[in-house]
Amino acid sequence: MDRPLPGLAEPRGASLPDRLVQRLRRDIPLALLDAVVVTAAYTLPLVVRIDGQIPERFWLGLRGTLPLLIVLHLSANLLFGLYGQMWRYASVDEARRVVYAGMTGAAFVVGGWFAFGPYPLPRSVVAAGAVLSFIGFGALRFQSRLFAFHRHTAKDKGARERILVFGAGDAGAMVLRDLTAHPQLGLRALGMVDDDPRKRGFAIADVRVLGNRADIPRLVQRLDVTQVLFAVPSATGDLVSEVAAICEEAQVRMRVLPSVREIVGGVVTARDIRDLSIEDLLGRRQVEMDLDTVRGLLTHRRVLITGAGGSIGSEIARQVSAFEPATLDLLDNDETHLHDALASIGSIAPATPILADVRHRDRILEVVAERRPEVIFHTAAHKHVPVLETHPREAVLTNVLGTANVVEAAAEADVERLVLISTDKAINPRSVMGASKRLAEDIVRGFMPSGSGCAVRFGNVLGSRGSVIPTFLKQIQAGGPVTVTDPEMRRYFMSIPEAVQLVLQAAALSRGGDVLTLDMGEPISILDLARKVIRLSGRVPGRDIEIVLSGARPGEKLVEDVRDDGEDLLPSAHPSIFVTRPPRPDRVALRRTLHRLESLCASRGDAELVDLLQGSTQGAVAAGSRVATGGGST
C-alpha cells in the first residue's frame, strides 16, 4: 500500500460508499433539473397544441406518462455520462454526449411507445417533447456555449509527454482544452489531482480527477507519467514546495503555469507551461496595484530613470512604459546595459537612451535641464557589500555624491517627484554600502523641495545581477561547491517585477520627505535557499553538490533589520507599504559632510572617509532623524 510523504499529504480518498454518497450529492440537483426540463418539454407543446384548453383526458395522460418519460430521458443521460462532469469546463466532446443522449432518449421514448402501447398524448406533443428535452439538457449544461462547435482533434496517442495535472480549477481547465486542441504540442493529459475532495471523480475535457497530492507517486507509476503540471497560479510557495517535494520523491519532472501576476488577461494556454523556478518555490502573494494612482503619476508625464541598465532600473523602465509617459529617458553609464534596457521595452513606448554618469555633476545638470523630467527614479548605485568594504571611495562617489548631483539638478529643474531606490541595509547600517545609501536618503529628503522627494527601501531581489541565486547557479554549473557564509544567515527576498510594482505604488502614495519600505515578508534562510536551488537544478544537496560554509564577509549582518530602534511604523494606503516621516536633515551640516567626503575622495583618505560616513549615519548629520522602516513581518 502506498504511503504519503510525512506531513505533506491530506487524507487519502474516502471509502467506496462515501464516494458514492458524494457523487449522489453532486448529481441529484442536476438530475432534478433535468426532470423539470422533461416536464416542461412535454407540457408546453400540449398547452400550445390545444390552445390552452386541455381536455381532462390529456391532463390525466400527461400525469400518468411523465414519470416514465423522465426515467427514459434520464437513463439516456446517465448512459452517455451527462452526470459526474464539471460542465463549466465542458467542450465539444461533452456537447456530442448531449446530442447522443438526446437522440437515445428520443429512441427510448419511441421504444416505450411500442413496448407499452401508445401514450395517451398527441403524437406531435411526444415528438416535440423529445426535441425540447434535448435542447433543455444542452441549455442547462452549455448555455451560450451550446453552438460554439469547433473541430475536436484526434486523440494524441503519439504524444511524447504524458502529463498529470495538479489543480482542477480554471487554469487547469483552460490548459486541458488547449492541449486537446493542439496535439502537435506533444503533451497528453492522462489525469488530474486536486486536494478538494468534492472534485474527485469529476472530468474536464475527458480527463478525470483521480485523487489528491498524496496520490501523485502512485499515479505516476500506474499511468507512466513523465511530467506533473502544477496548474494553480494563485498557490503559495509552501504548496509549490510540497508538491515539488512529492514529485522529487516520485522521480518525475514538475512544470508550472505562470503565477497570477504573470498571467495577462487571465488566460493561460499550454504554451505558458514553463520549468519550475526559484520564485515559484519562495512564493509571495500577488501584489495589488492602485492603477489609477500610479497612472496619475506617470501617464503623459516626462520620466527619467538613472541606472536604467540595471536590474531594477530596466524593470522600472519596462513597467513605466506601459503607462504611456510623454517621454521616457533612460540614463546609464554602461552602453551595453543601456542597449539591453531599450531592447526590453521594444515598441511599447518610445524611449531615449542617455549615456552619462551620475558622478559627473555638469553632465547631469545639463541632461536634466534639457530633458525637463517631471518624475525621476534614481536607481544608479553600487550595491555589493563586500566589494564596497574594500572600495569605500567608489561607494561615496556614486551612491552619495552621485545622488547629490541628481538632487541638485532635480531641484533646479523643479522636478515634481524624485524617488530614490534605497535598501534595507540602510537601516542601522554596519557596511559602507548601507551607510552610503542612508546618507543618500538624507540628501534626497534634505535638499529636495518639500513634498517632492522620497526614498523607497527593500531587500534583495531575485535574479538581479551578482545576487545570491545567479551566484549559486554558476557554482552548480561548475560542479560545486555552493558557498554559504553562515548557517544562520537570512535575507528578505522579492521578485524584481513585484519590487518595481511596489516602488511605483510607493512613489504615487508618497507625500514627499518620507521613507517608504516595502513589505518583504518573512526572511529566508540562505542555507535553505541553497538547497532549493540545487534541487531546482536537478541535483541532490550533499550528494551531487556540496554546500560549504565560508564565514560571514565584512559588513554583513546575519539578518537585516526591518526598522530603526525606537521608531514605530506607520501604515500607508497600501497594505504592502510602510512609511515614516522623520525630521528633515540639517542642510548646513549635511552640506558640510558632503564637502568633506568629496575632499577625502580626492585625497584618497579611505580610513577617515569610512569614519565620517559611518558617523554621519549615526546622527551627526540630523539629530533625531532616525528613520523608521517597515518591511518584513516578523
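Up top you'll find the structure we're talking about.
Residues numbered from 1 in each chain as written. Predicted model: local features only at pLDDT ≥ 70, side-chain atom pairs only at ≥ 80, totals over all residues. Heavy atoms only, no water.

Trainee: Explain the overall build of the chain here, please?
Mentor: Assigned secondary structure in the chain consists of 20 helices and 22 strands. Taking all 634 residues of the chain together, 52% fall into the buried category. Partitioning the contacts of the chain with sequence separation of at least 6, the portion at a separation of at least 24 is 79%. Accessible surface for the chain amounts to roughly 28800 Å². Of this, 54% is attributable to carbon and sulfur atoms. (Helix = DSSP H or I, 4+ residues; strand = E, 2+ residues; numbered from the N terminus. Buried < 20%, exposed > 50% of the residue type's maximum accessible area, 1.4 Å probe, protein only. Contact = heavy atoms within 4.5 Å. Areas by Shrake-Rupley, 256 points an atom, 1.4 Å probe, with all protein chains shown as cover.)

Trainee: Quick question: what am I supposed to make of helix H19 (residues 587-603) here?
Mentor: Along an α-helix, residues three or four apart share an orientation, since each turn contains 3.6 residues. The terminal C-alpha atoms of H19, which comprises 17 residues, lie 24 Å apart, in line with the 24 Å expected from a rise of 1.5 Å per residue. Buried within H19 are the following residues: Ala589, Leu590, Thr593, Leu594, Leu597, Leu600 and Cys601. Angularly, the buried residues of H19 cover 140° about the axis, an arc narrow enough to put them on a single face. Every exposed residue of H19 that faces more than 90 degrees away from the buried side is listed here: Val588, Arg592, His595 and Ala602. The backbone nitrogen of valine 588 lies 2.9 Å from a side-chain oxygen of the residue at the head of H19, namely aspartate 586. (Expected span 1.5 Å × (residues − 1). Arc of directions from axis to C-beta. Polar contact = N/O pair within 3.5 Å; in protein donor to acceptor, adjacent residues only side chain to side chain.)

Trainee: It is not clear to me how the nonpolar core should be interpreted in this structure. Could you clarify?
Mentor: Grouped burial of nonpolar side chains is what soluble globular proteins tend to show. Grouped together as the largest cluster of nonpolar side chains are 43 residues, with contacts concentrated most on Leu331, Val396, Val400, Leu418, Ile443 and Leu613. Sorting the residues of this core by element identifies helix H12 (361-371), helix H13 (385-390), helix H14 (392-412), strand S12 (417-421), helix H15 (432-447), H19 and helix H20 (606-620) as the ones contributing at least two each. Here this core takes nine residues from H14, the largest share from any one element. Dropping the residues within four chain positions of it, leucine 418 is found in contact with Ile376, His378, Val406, Val407, Ala410, Val444, Met448, Ser452, Gly453 and Cys454. (Core = buried A, V, L, I, M, F, W, Y, C linked by side-chain atoms within 4.5 Å.)

Trainee: Just checking my understanding: could you explain the pattern of salt bridges for this structure?
Mentor: Two side chains with opposite charge may pair up if their charged atoms get near one another. Summed over all chains, the structure comprises 21 salt bridges. Put simply, arginine 457 and glutamate 441 hold a salt bridge, and the shortest N to O gap is 2.5 Å. Residue arginine 457 is found in strand S13 (residues 453-457), and its partner glutamate 441 is found in helix H15; the two are separated by 16 residues along the sequence. The exposure class of arginine 457 is buried, given its relative accessible area of 0%. Connected through salt bridges with shared partners, the residues Arg301, Arg302, Glu374 and Glu416 form a single ionic network. (Salt bridge = Lys/Arg side-chain N within 4 Å of Asp/Glu carboxyl O.)

Trainee: Looking at this model, I keep getting lost on the packing of helix H16 (residues 468-477) against helix H18 (residues 526-536). Mind explaining?
Mentor: In a pair of packed helices, the angle between the axes and the distance between the axes together describe the arrangement. The interhelical angle for the contact between H16 and H18, taken along N-to-C directions, is 50°, at an axis separation of 10 Å. Classified by the interaxial angle, the pair formed by H16 and H18 is oblique. As for how H16 packs across H18, the hand of that crossing is right-handed. Counted together, Val468, Ile469, Phe472, Leu473 and Ile476 of H16 and Ile526, Leu529, Ala530, Val533 and Ile534 of H18 form the full contact between these two elements. (Axes fitted to C-alpha atoms, helices over the stretch in contact; angles between N-to-C directions. Parallel < 35°, antiparallel > 145°, perpendicular 65-115°, else oblique. Left-handed = near helix turned anticlockwise from the far one by under 90°.)

Trainee: Looking at this structure, I do not really get the packing of helix H10 (residues 311-321) against helix H11 (residues 335-345). What am I missing?
Mentor: Close contact between H10 and H11 brings their axes to 9 Å; oriented N to C, the two are set at 30°. The angle between H10 and H11 falls in the class roughly parallel. In terms of crossing hand, the pair formed by H10 and H11 is right-handed. Judged by residue contacts, Ser314, Ala317, Arg318 and Ser321 of H10 engage Ala341, Ser344 and Ile345 from H11. Split into classes, the residues belonging to the contact of H10 with H11 amount to three nonpolar, three polar and one charged. (Nonpolar A, V, L, I, M, F, W, Y, C, P; charged D, E, K, R; others polar.)

Trainee: Is there a simple way to explain the sheet that holds strand S11 (residues 375-378) in this structure?
Mentor: Think of a sheet as strands paired side by side through backbone hydrogen bonds, with each pair either parallel or antiparallel. Across the sheet, nine strands lie side by side as S10-S9-S8-S11-S12-S13-S18-S22-S21; this open sheet has mixed pairing. At either end of the open sheet lies a strand with only one pairing partner, and these are strand S10 (352-355) and strand S21 (570-571). Across four bridges, the pairing between S11 and S12 is parallel. The residue of S12 that forms the bridge with isoleucine 376 is leucine 418. Lying over the sheet, H14 contacts strand S8 (302-306), S11 and S12, oriented at roughly 180° with respect to S11. (Pairing = 2+ DSSP bridges.)

Trainee: I'm lost on helix H2 (residues 56-79) in this one. Help?
Mentor: When the terminal C-alpha atoms of H2 are compared, their 35 Å separation across 24 residues agrees well with the 34 Å that a helix rising 1.5 Å per residue should span. Helix geometry: H2 is bent most strongly at threonine 65, by close to 40°, with proline proline 67 lying one to four residues after it. Within H2, the full set of buried residues consists of Phe58, Gly61, Leu62, Thr65, Leu66, Leu69, Ile70, Leu72, His73, Leu74, Ala76 and Asn77. (Bend = angle between axes of the 7 residues up to and from the residue.)

Trainee: Please clarify how unusual backbone geometry should be interpreted in this entry.
Mentor: For the peptide bond that leads from glycine 480 to proline 481, omega is 0°, which places it in the cis range. Topologically, proline 481 is positioned in the loop between H16 and strand S15 (482-484). One non-glycine residue with positive phi stands out, namely glutamate 324, at about 55°. Its identity is not glycine, yet asparagine 428 carries a phi of approximately 45°, on the positive side.

Trainee: Explain the environment of histidine 378 here, please?
Mentor: Position of histidine 378 among the secondary structure elements: in strand S11. Along the sequence, histidine 378 and valine 358 sit 20 residues apart, while their C-alpha atoms lie 9.6 Å from each other. Ignoring anything within four residues of it in the chain, the contact list for histidine 378 reads Thr306, Val358, Gly402, Thr403, Val406, Leu418, Val419, Leu420 and Ile421. A distance of 3.0 Å separates polar atoms of two side chains, one belonging to histidine 378 and the other to threonine 403.

Trainee: How should the packing of aromatic side chains be read in this particular structure?
Mentor: For any pair of aromatic rings, geometry is given as the distance between the ring centres together with the angle between the planes. This structure, assessed with the given rule, holds one aromatic pair. Between phenylalanine 166 and phenylalanine 230, the aromatic rings sit 5.2 Å apart at their centres with planes inclined by 10°, giving stacked as the arrangement. You can see phenylalanine 166 sitting in strand S1 (residues 161-166) and its partner phenylalanine 230 sitting in strand S5 (residues 227-230), a full 64 residues away along the chain. Residues phenylalanine 166 and phenylalanine 230 agree in their burial class; the two are buried. (Phe/Tyr/Trp six-rings, centres within 6.5 Å; stacked < 30°, edge-to-face > 60°.)

Trainee: Whenever I open this one, the environment of alanine 173 confuses me. Can you help?
Mentor: Turning to its location among the elements, alanine 173 is positioned in helix H5 (residues 170-181). For alanine 173, a relative accessible area of 0% translates into the label buried. Separated by 34 residues in the primary sequence, alanine 173 and valine 207 have C-alpha atoms spaced 9.6 Å apart.

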